[in-house]
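Close look at the chain arrangement
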Amino acid sequence: MVVLNINNKTVNLDVSEDMPLLWVLRDVMGLTGTKYGCGIGECGACTVHLDGKPVRSCSLPVGAIGEKSVITIEGLGSDPVAQKILDAWSEKQPTQCGFCQPGQIMTAIALLHEQEKPTKEEINRALSGHICRCGMYQRIRNAIKIAAGSIDDE
Ligand code: FES
Ligand code: FES
């Protein structure tokens with residue numbers, strides 16, 4: 001039995017400690033907002049927050065999580081920073097197929113929590129491990145700048 005704190009709820013899971021968090025989220029809990037891309041930590045589609053930091057859930061065994069808080073795209077609640085990001089996403093429409101977007105959004109929110117007004121370089125660094133097959137990179141970065149109140153350079 002593994003006990004986790006997911007989206008501010010304690011859940012008891014009858015799973016192996018070796019099971020990656022992504023499998024638990026999608027297949028056991030039905031939280032399919034977090035996406036399965038590469039499965040080897042290379043694309044960022046599976047990004048969730050662990051104690052507020054972005055992590056690749058495909059590469060994180062649930063036995064390594066302990067009492068840390070897991071937040072998925074479904075668990076953002078009324079976080080004002082998350083709302084700013086979602087508003088900017090609505091404005092800039094950086095979505096095509098949408099597959100990479102939950103991961104990109106989770107990293108963007110974690111970035112703005114850490115750094116209220118990130119520089120262009122800090123945004124690039126934060127998102128560098130995220131692959132968007134639709135090539136929406138510039139719009140995604142501009143949406144983050146808008147959420148941070150920075151200048152849109154598109
Ligand atoms: S699915 Fe986890 S990084 Fe690609
Ligand atoms: S919007 Fe299609 S992969 Fe990014």
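Quick caveat: nothing in here was measured; it's all calculated off a predicted structure.

Now for helix α5 (residues 137-147). In an α-helix there are 3.6 residues to a turn, and that puts residues three or four apart on one side. Listed in full, the buried residues belonging to α5 are I140, R141, N142, A143, I144, K145 and A147. As for α5, its buried residues are in contact with α2 (80-92), α3 (101-114) and α4 (120-127). Looking one or two places after α5, you find G149, whose phi comes out positive at around 80°.

Let us now look at the layout of surface pockets. A volume near 160 Å³ is recorded for the largest pocket. Among the secondary structure elements, those contributing two or more residues to the lining of the largest pocket are α3 and α4. If one sorts the elements of the lining of the largest pocket by residue count, α3 sits on top with four residues. Its residues placed into classes, the lining of the largest pocket shows four nonpolar, two polar and three charged.

When you line up the elements, T72 lands in the loop between β5 (69-71) and α2. Judged by its relative accessible area of 0%, T72 is buried. Within polar-contact distance, the side chain of T72 engages the side chain of E74 at 2.6 Å. Excluding residues that lie within four positions of it along the chain, T72 makes contacts with N7, L25, L31, T34, V48 and M106.

Attention now goes to the sheet that holds strand β1 (residues 2-6). Read across the open sheet, the five strands follow the order β2-β1-β5-β3-β4; overall the sheet is mixed. Strand pairing shows two members of the sheet lacking a second neighbour, β2 (9-13) and β4 (53-56), which therefore form its edges. Across the sheet, the axes of successive neighbouring strands diverge by a mean angle of 40°, strand direction being ignored. The pairing of strand β3 (residues 47-50) with β5 spans two bridges and is antiparallel. Within the sheet, the bridge partner assigned to L50 lies in β5 and is V70. Here α3 sits on the sheet in contact with β3, β4 and β5, set at roughly 35° to β3.

Let us look at the domain arrangement of the protein chain. Annotation of the protein chain at the domain level lists domain 1 (2-73) and domain 2 (80-147). Inter-centroid distance (C-alpha atoms) of domain 1 to domain 2 is 21 Å. Taken together, the contact pairs 18 residues of domain 1 with 13 residues of domain 2. Between domain 1 and domain 2, roughly 1,200 Å² of surface is buried when both sides are summed, and carbon and sulfur atoms account for 64% of that area. Together, C43, H49 and I73 form the three largest contributors to the area buried by domain 1 at its contact with domain 2, with a combined 36%. Between the two partners, domain 1 and domain 2, sit one salt bridge.

What counts as what
- Residue positions are given per chain, counting from 1 as you read along its sequence in written order.
- Just so you know, chain letters begin at A and ligand numbers begin at 1, following the order they were written in.
- Selection of residues for local features in this predicted model requires a pLDDT of at least 70, selection of side-chain atom pairs for listing and counting requires 80 or more, and totals for whole chains, interfaces and linings are taken over all residues.
- Calculated side-chain values reflect all of the structure's heavy atoms, with hydrogen atoms and water omitted.
- Buried, partly exposed and exposed residues are distinguished by accessible area as a fraction of the type maximum, computed with a 1.4 Å probe on protein chains only: under 20%, between the cut-offs, and over 50%, respectively.
- In this description a helix means any DSSP run of H or I spanning at least four residues, a strand means any run of E spanning at least two, and both kinds are numbered starting from the N terminus.
- Residue contacts are counted whenever heavy atoms from the two residues lie within 4.5 Å of one another.
- Think of a 1 Å grid over just the protein atoms. A cavity is a set of points where a 1.4 Å probe fits yet cannot get out, a pocket is an open set with protein on both sides within 12 Å along at least five of seven lines, and lining residues have an atom within 4 Å of a point.
- Grid points are joined across faces, edges and corners, and a volume is the space filled by probe spheres set on the points.
- Residue classes follow a fixed rule: Ala, Val, Leu, Ile, Met, Phe, Trp, Tyr, Cys and Pro count as nonpolar, while Asp, Glu, Lys and Arg count as charged, and any other residue, Gly among them, counts as polar.
- Here a polar contact means two N or O atoms within 3.5 Å. Within protein one must be a hydrogen donor candidate and the other an acceptor candidate, and residues neighboring in sequence count only if both atoms are side-chain atoms.
- We treat two strands as partners when DSSP finds at least two bridges between them.
- Convention adopted: a line fitted to C-alpha atoms gives each axis, helices being fitted over their contacting stretch, and angles between N-to-C directions are expressed from 0 to 180 degrees.
- The domain limits used here are those given by an automatic or database domain assignment.
- For any pair of parts, buried area is found by adding up, for both, the accessible area (1.4 Å probe) each one loses once the two are put together.
- What counts as a salt bridge is simple: a side-chain nitrogen of Lys or Arg found within 4 Å of a carboxyl oxygen of Asp or Glu.

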